[in-house]
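Examining the three-dimensional arrangement
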Amino acid sequence: MLQIGLFCTMSLSGTILIGLLKEKIKDFEKEIKVMSFPLSEVLMVGKDCDCILLSPQARFNYQKIKKEFSDEKLIMIPAEDFVLDDVSRIAEAIKAKLK
């Protein structure tokens, strides 16, 4: 099972997005678990994730997080996709990373 972690400042704003994203990726050929975490847990929990989604609020920590995890694992969600809950573009980015 592949694990995807969405990290945002408090993990509250990602809850709705997670629900929509789970619905969108259920058609992927792989079994995937999507979870939301506060950004403060990225260094502990991120190591267990196959893909790390960073909310726009996490942008200020991107360089620090990038030092710990490979680019192949990180996805910075564009602010417009996050605000509009555009899970189609996010799902495509995940699919590209998990190939």
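Report on the accompanying structure. This is a predicted model, so every value here is computed, not measured.

Let's shift gears to the environment of I52. By the element assignment, I52 lies in strand β3 (residues 51–54). Accessibility expressed as a relative area gives 0% for I52, which makes it buried. Measuring from C-alpha to C-alpha, the distance between I52 and I75 comes to 6.1 Å, with 23 residues separating the pair along the chain. If we ignore the near neighbours within four places in the chain, the residues touching I52 are G5, F7, V42, G46, F69, K73, L74 and I75.

Attention now goes to the nonpolar core. By size, the foremost hydrophobic cluster in this structure holds 20 residues, and its most contacted members are I4, L21, I25, I32, L53 and I94. Of all the secondary structure elements, the ones that give two or more residues to this core are β1 (2–8), α1 (14–25), β2 (32–38), β3 and α5 (87–97). In this structure I4 touches I25, I32, K33, V34, M35, C49, C51, L53, I94 and L98, once residues within four positions along its chain are discounted. Core analysis: the next-biggest nonpolar cluster, separate from the first, contains 13 residues, F7, L39, I52 and A58 among them.

Working definition: an aromatic ring pair is given by the centre-to-centre distance plus the angle between the planes. Enumeration over the complete set of coordinates arrives at one aromatic pair. Taking the centre distance of 5.3 Å and the plane angle of 25 degrees together, the rings of F7 and F37 count as stacked. Here F7, found in strand β1, pairs with F37, found in strand β2; they are 30 residues apart in sequence, far enough to count as distant. Both residues of the pair, F7 and F37, belong to the buried class.

Conventions adopted
- Residues numbered from 1 in each chain as written.
- Predicted model: local features only at pLDDT ≥ 70, side-chain atom pairs only at ≥ 80, totals over all residues.
- Heavy atoms only, no water.
- Helix = DSSP H or I, 4+ residues; strand = E, 2+ residues; numbered from the N terminus.
- Buried < 20%, exposed > 50% of the residue type's maximum accessible area, 1.4 Å probe, protein only.
- Contact = heavy atoms within 4.5 Å.
- Core = buried A, V, L, I, M, F, W, Y, C linked by side-chain atoms within 4.5 Å.
- Phe/Tyr/Trp six-rings, centres within 6.5 Å; stacked < 30°, edge-to-face > 60°.

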